[in-house]
There are 2 protein chains.
Amino acid sequence: MAEPTATPGAASGPLVGPVEVVGAGLVGTSVGLACRRAGLEVVLSDVSPDHLRTAAGLGAGRRRRPEDRPQLVVVAVPPDHLAEAITAALAATDAVVTDVGSVKSGPAAAVHGSDPARADRYVGGHPMAGSERSGPLAASAALFDGRPWAITPHAGSAPHAVTLVEALVALCGAVPVRLDPVEHDRAVARTSHVPHLLSALVAARLAEAPGDHLALSGQGVRDVTRVAGGDPRLYGQIVSANAEAVLALLGEVQRELETVVGAVARGDRDGLEAVLARGVAGTRAIPGKHGAPPAQTRSVFVSVPDHPGELARLFADAGAAGVNIEDVRIDHDPGRPVGLVELTVAEVSAEHLLGSLEARGWLTHR
Amino acid sequence: MAEPTATPGAASGPLVGPVEVVGAGLVGTSVGLACRRAGLEVVLSDVSPDHLRTAAGLGAGRRRRPEDRPQLVVVAVPPDHLAEAITAALAATDAVVTDVGSVKSGPAAAVHGSDPARADRYVGGHPMAGSERSGPLAASAALFDGRPWAITPHAGSAPHAVTLVEALVALCGAVPVRLDPVEHDRAVARTSHVPHLLSALVAARLAEAPGDHLALSGQGVRDVTRVAGGDPRLYGQIVSANAEAVLALLGEVQRELETVVGAVARGDRDGLEAVLARGVAGTRAIPGKHGAPPAQTRSVFVSVPDHPGELARLFADAGAAGVNIEDVRIDHDPGRPVGLVELTVAEVSAEHLLGSLEARGWLTHR
């Protein structure tokens, strides 16, 4: 590891900088901004001069110079270039190297294979943030606040390297989740990659639909297909890089889909309901807000005219009632000039909120 | 058709009442409330005395008496009992009969088969509203405002019967979408039933996940699986009643899933990206707000502390900027004490809104 040069105004703890960020896209630039916010020196590189100029202009760091000796290198490039960029960083510096890629076992194996002597300085990472937007203009030092950030040491990662990556995660305000690289990849196959692929299969059916059929689209199909709007090239890279874990789960999906088809074809209502009930159990297994067990909440529905200021008025009136709003959803069915707004609040607060809103003239739906 | 008795304060047009509602659940009670709002007499029946008492107590109508002679009967019972209840209503009265069931070709065929002489008085209907909540307590006269409401006459439906159902849809404030019963069922298989089943298959994988894997759940998997939380018995009935259309689409899904599995297994990036690109096209095919072509919108991200009044303050400040908010989404990643709120606004308004919010001290994410 490089002997770090203390920077004026540096954060306390093991991470003192400089931090090098390779790849000034959304996540890389956000890491740079978070490190700068903590007073660390940040040096940037990117194959795109535009991205580099934009990121530097936003205050995420300065352009890397040959004589720079970073303490930590954060590799933030697309999945296809990850292993190569990590290996290059290990060879070019004696810094600790981490990355922010969506898949972790491939890069770890590549680093081991190509450069075993230096592999102890590599610790993988994956912040759960920013998959739908892209580019440095969307970056923010606050992007990682309170988000899970997987830290995935391999068997040969040095303890001081892990500590340094943990310090980066803390500096970014994220919540560390320690996982083995292979376990990480299995987890995101389940929580991200397979949901994305099935969302795309639902959405692909809409692309082929007769036009008047889609007039019946409600909020449900909009929710199921939202993630399918993501960049096909990026998701193609991500899914390909996690082929083994994705294929294992897709095999399960194929078998259960076969079960569903058989049950519907035979009129086997119990078989169909059993699959649907497993789905209900799955929705309940997702951790609640702030990692807490799912709380008892209730939805309050309010009709809101669709013009400026009306939502403001609604939230002002809800705020005046002293009720914390856990979630909000605006109904988007086509043709609806009056919006139906769903406010999710603690069960115990629902009646009070309804009464308060009605007293202020809102049309609620009990 | 019954010679309608004019009710004092009745709505103008062909629908003068009385309206009979069979089944005082969410949708039936809401129809009753909308008819009462228009001054029509409404009579109610339900196998559950509790539902009946609650609906009547809410002002959705009075209990049906043997001597009542409705002009229009609205059947609002679960799918399994639909055909039977429609046939019974045609036999018991000389009223026009419609229903609000999720599937339309089965009931039409059943009515034709069992009671061809009376089938001219039956016209199917399906309001796109209320699938996640249930029971009369959730009902509202405003439930249908601006929502699509499919009207599905069969070949033998009498024109005056269609006109009367159209009048009901107008009275409820909904937007009529005329479809043949078979076309309707194909449409909802695509926009509702198959999305629900695939959402359940994604969610079922979560039910089986090692606990620490779900710590990586983000907003994407929450969106994809939301509808899978619906009542398995109700969705089992709905899917079973639309078996033919659902099976045709599930066959397409199976073939395309096979393609995905093959592409991932072979490392065929082009094949995988082609499926993902069809998904993107599908998300773009969904009609925009108010049935308009999808507008150019942009997302503005703002960090909001998670306590009462903060959302109110945000919306008040956004309202002061005079910008109409098209959509709002609160990030629910676990462990996030500061919420990330996404405001969707017209592209042309985004910079103005960002500037206004920043001037008022909000942390925006550009």
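Going by what an unreviewed UniProt entry lists, chain A is known as Prephenate dehydrogenase and is assigned to Nocardioides perillae. Looking at chain A in UniProt, the text filed under Pathway (unreviewed entry) is "Amino-acid biosynthesis; L-tyrosine biosynthesis; (4-hydroxyphenyl)pyruvate from prephenate (NAD(+) route): step 1/1." Heading Catalytic activity (unreviewed entry) of the UniProt record for chain A holds this comment: "prephenate + NAD(+) = 3-(4-hydroxyphenyl)pyruvate + CO2 + NADH".

**So, the overall build of chain A**
Summing up its helical and strand segments, chain A has 12 helices and 12 strands in all. Each of the 366 residues in chain A was classed as buried or not, and the buried ones make up 59%. In chain A, of all internal contacts separated by at least 6 residues, the share reaching a separation of at least 24 is 70%. Per element, the accessible surface of chain A, about 13500 Å² overall, is 55% carbon and sulfur.

**Re the sheet that holds strand β7 (residues 148-152) of chain A**
Residues and elements named next belong to chain A. Pairing within the open sheet is mixed, and its 3 strands lie in the order β6-β7-β8. This sheet does not close on itself; its edge strands, each paired only once, are β6 (124-127) and β8 (175-178). Each strand axis lies, on average, 25° off the axis of its neighbour in the sheet, ignoring direction. Bridge count for β7 against β8 is 4 bridges, and the pairing is parallel. Across the sheet, the residue bridging to Ile151 is Arg178, located in β8. Across the sheet, helix α5 (residues 159-171) touches β7 and β8, and the angle it forms with β7 is around 170°.

**Thoughts on the pattern of salt bridges**
All names here are of chain B. What the rule picks out here adds up to 34 salt bridges over all chains. Taking the shortest distance from any N to any O, the salt bridge between Arg65 and Glu67 comes out at 3.4 Å. Using a relative accessible area of 55% as the deciding quantity, one classes Glu67 as exposed. Ionic pairing is found between Arg186 and Glu183, a salt bridge with its closest N-O pair at 3.0 Å. Of this pair, Arg186 and Glu183 both sit in helix α6 (residues 181-207), 3 residues apart, which is roughly one turn of that helix.

**Some details on the confidence of the model for chain A**
As a general rule, the predicted coordinates of low-pLDDT regions are not to be interpreted in detail. Across chain A, the average pLDDT comes to 86, with 89% of residues at or above 70. A low-confidence stretch, residues 1-12 of chain A (pLDDT under 50), is modelled with 28 contacts involving residues beyond four sequence positions or located in other chains.

**Quick notes on the relation of the copies chain A and chain B**
Expressed as a screw operation, the relation of chain A to chain B combines 0.0 Å of axial shift with a rotation of 180°, fitting to an RMSD of 0.0 Å. Both chain copies can therefore be described as sitting about a two-fold axis. Across chain A, the rotation axis passes nearest the C-alpha of A:Val224, at a separation of 2.0 Å. By residue overlap, the copies meet face to face through one surface: 100% of the interface positions of chain A are interface positions in chain B.

**A few points about the interface of chain A and chain B**
Taken together, the contact between chain A and chain B spans 130 residues of the former and 130 residues of the latter. With both sides pooled, the region where chain A packs onto chain B buries about 11500 Å², and carbon together with sulfur makes up 66% of that total. Among the residues chain A hides against chain B, the three largest losses belong to A:Arg190, A:Arg205 and A:Leu216. Together they make up 7% of the total. Counting the contacts that link chain A with chain B gives 8 salt bridges. At the boundary of chain A and chain B, one finds 16 residue pairs in polar contact (both at pLDDT 80 or more). Taken together, the residues of the side of chain A that touches chain B break down into 69 nonpolar, 32 polar and 29 charged.

**Thoughts on the sheet that holds strand β8 (residues 175-178) of chain B**
All names here are of chain B. Taken together, the 3 strands give an open sheet; going across it, the order is β6-β7-β8, and neighbouring strands pair in mixed fashion. Two strands close off the open sheet at either side, each with one partner strand: β6 (124-127) and β8. Strand-to-strand twist across the sheet, computed as the mean angle between neighbouring axes with direction ignored, equals 25°. Note: β6 against strand β7 (residues 148-152), 4 bridges, orientation antiparallel. Within β7, the position partnered with His126 by the bridge is Ala150.

**Remarks on the environment of A:Val165**
Within the secondary structure, A:Val165 sits in helix α5. Taking the C-alpha atoms as reference points, A:Val165 and A:Val73, 92 residues apart in sequence, are found 9.9 Å from one another.

**Notes on helix α6 (residues 181-207) of chain A**
Residue and element names in this part refer to chain A. Under the 1.5 Å per step criterion, the end-to-end length of α6 is 36 Å for 27 residues, consistent within 8% with the ideal 39 Å. Taken as a whole, α6 carries its principal kink of about 50° at Ala189. The backbone nitrogen of Val182 has a side-chain oxygen 2.9 Å away, supplied by the residue at the start of α6, namely Asp180.

**Let's talk about helix α11 (residues 310-320) of chain B**
Listed as buried for α11(B) are B:Glu310, B:Leu311, B:Ala312, B:Leu314, B:Phe315, B:Asp317 and B:Ala318. Looking at the residues trailing α11(B), positive phi occurs at B:Gly322, about 75°.

**Details of the side chain of A:Asp223**
As for its placement among the helices and strands, A:Asp223 is situated in helix α7 (residues 219-225). The contacts of A:Asp223, once residues within four sequence positions are left out, are A:Arg329, B:Asp223, B:Val224 and B:Arg226.

**Some remarks on the packing of helix α11 (residues 310-320) of chain A against α11(B)**
Two elements in contact, α11(A) and α11(B), have axes separated by 8 Å at closest approach and are oriented at 150°. Relative to α11(B), the element α11(A) lies roughly antiparallel. In this structure, the crossing between α11(A) and α11(B) has a hand that is left-handed. Touching A:Leu311, A:Ala312, A:Phe315, A:Ala316 and A:Gly319 of α11(A) are B:Leu311, B:Ala312, B:Phe315, B:Ala316 and B:Gly319, all from α11(B). When its residues are assigned to classes, the contact of α11(A) with α11(B) shows 8 nonpolar, 2 polar and no charged.

**A closer look at unusual backbone geometry**
With an omega of -10°, the peptide bond between A:Gly17 and A:Pro18 qualifies as cis. Along the chain, A:Pro18 falls in the segment before β1 (19-22).

**Observations regarding the environment of A:Gly262**
Take A:Gly262: it is sitting in helix α9 (residues 243-266). Along the sequence, A:Gly262 and A:Leu272 sit 10 residues apart, while their C-alpha atoms lie 8.9 Å from each other.

**Looking at the packing of aromatic side chains**
Residue and element names in this part refer to chain A. Evaluation of the coordinates by the stated rule reveals 2 aromatic pairs over all chains. With a centroid separation of 5.0 Å and an interplanar angle of 50°, the aromatic rings of Phe144 and Trp149 are classed as tilted. For Phe144, a relative accessible area of 0% puts it in the buried group.

**Considering the pairing of strand β4 (residues 72-75) of chain B**
Residues and elements named next belong to chain B. Side chains of β4 alternate between two faces, with Leu72 and Val74 and Val73 and Val75 buried alike. Pairing between strand β1 (residues 19-22) and β4: 4 bridges, direction parallel. Across the sheet, Glu20 pairs through a bridge with Val73, a residue of β4. Note that β4 and strand β5 (residues 96-99) share 4 bridges and pair parallel. The residue bridging Leu72 from the neighbouring strand is Val96, located in β5.

**So, the packing of helix α9 (residues 243-266) of chain B against helix α10 (residues 269-285) of chain B**
A pair of packed helices is captured by two measures, namely the crossing angle of their axes and the spacing between those axes. All names here are of chain B. Look at α9 against α10: their axes get within 8 Å of each other, and the N-to-C directions meet at 140°. Judged by the inter-axis angle, α9 sits oblique to α10. Here Glu256, Thr259, Val260, Ala263 and Val264 of α9 lie close against α10, whose contacting residues are Gly271, Leu272, Val275 and Arg278.

The rules behind the values
- Residues numbered from 1 in each chain as written.
- Chains lettered and ligands numbered in written order.
- Predicted model: local features only at pLDDT ≥ 70, side-chain atom pairs only at ≥ 80, totals over all residues.
- Heavy atoms only, no water.
- UniProt positions renumbered as here; feature names shortened; annotations may be inferred.
- Helix = DSSP H or I, 4+ residues; strand = E, 2+ residues; numbered from the N terminus.
- Buried < 20%, exposed > 50% of the residue type's maximum accessible area, 1.4 Å probe, protein only.
- Contact = heavy atoms within 4.5 Å.
- Areas by Shrake-Rupley, 256 points an atom, 1.4 Å probe, with all protein chains shown as cover.
- Pairing = 2+ DSSP bridges.
- Axes fitted to C-alpha atoms, helices over the stretch in contact; angles between N-to-C directions.
- Salt bridge = Lys/Arg side-chain N within 4 Å of Asp/Glu carboxyl O.
- pLDDT = per-residue confidence, 0-100.
- Least-squares fit on C-alpha atoms with pLDDT ≥ 70 in both.
- Buried area = accessible area lost by both parts, 1.4 Å probe.
- Polar contact = N/O pair within 3.5 Å; in protein donor to acceptor, adjacent residues only side chain to side chain.
- Nonpolar A, V, L, I, M, F, W, Y, C, P; charged D, E, K, R; others polar.
- Expected span 1.5 Å × (residues − 1).
- Bend = angle between axes of the 7 residues up to and from the residue.
- Parallel < 35°, antiparallel > 145°, perpendicular 65-115°, else oblique.
- Left-handed = near helix turned anticlockwise from the far one by under 90°.
- Phe/Tyr/Trp six-rings, centres within 6.5 Å; stacked < 30°, edge-to-face > 60°.

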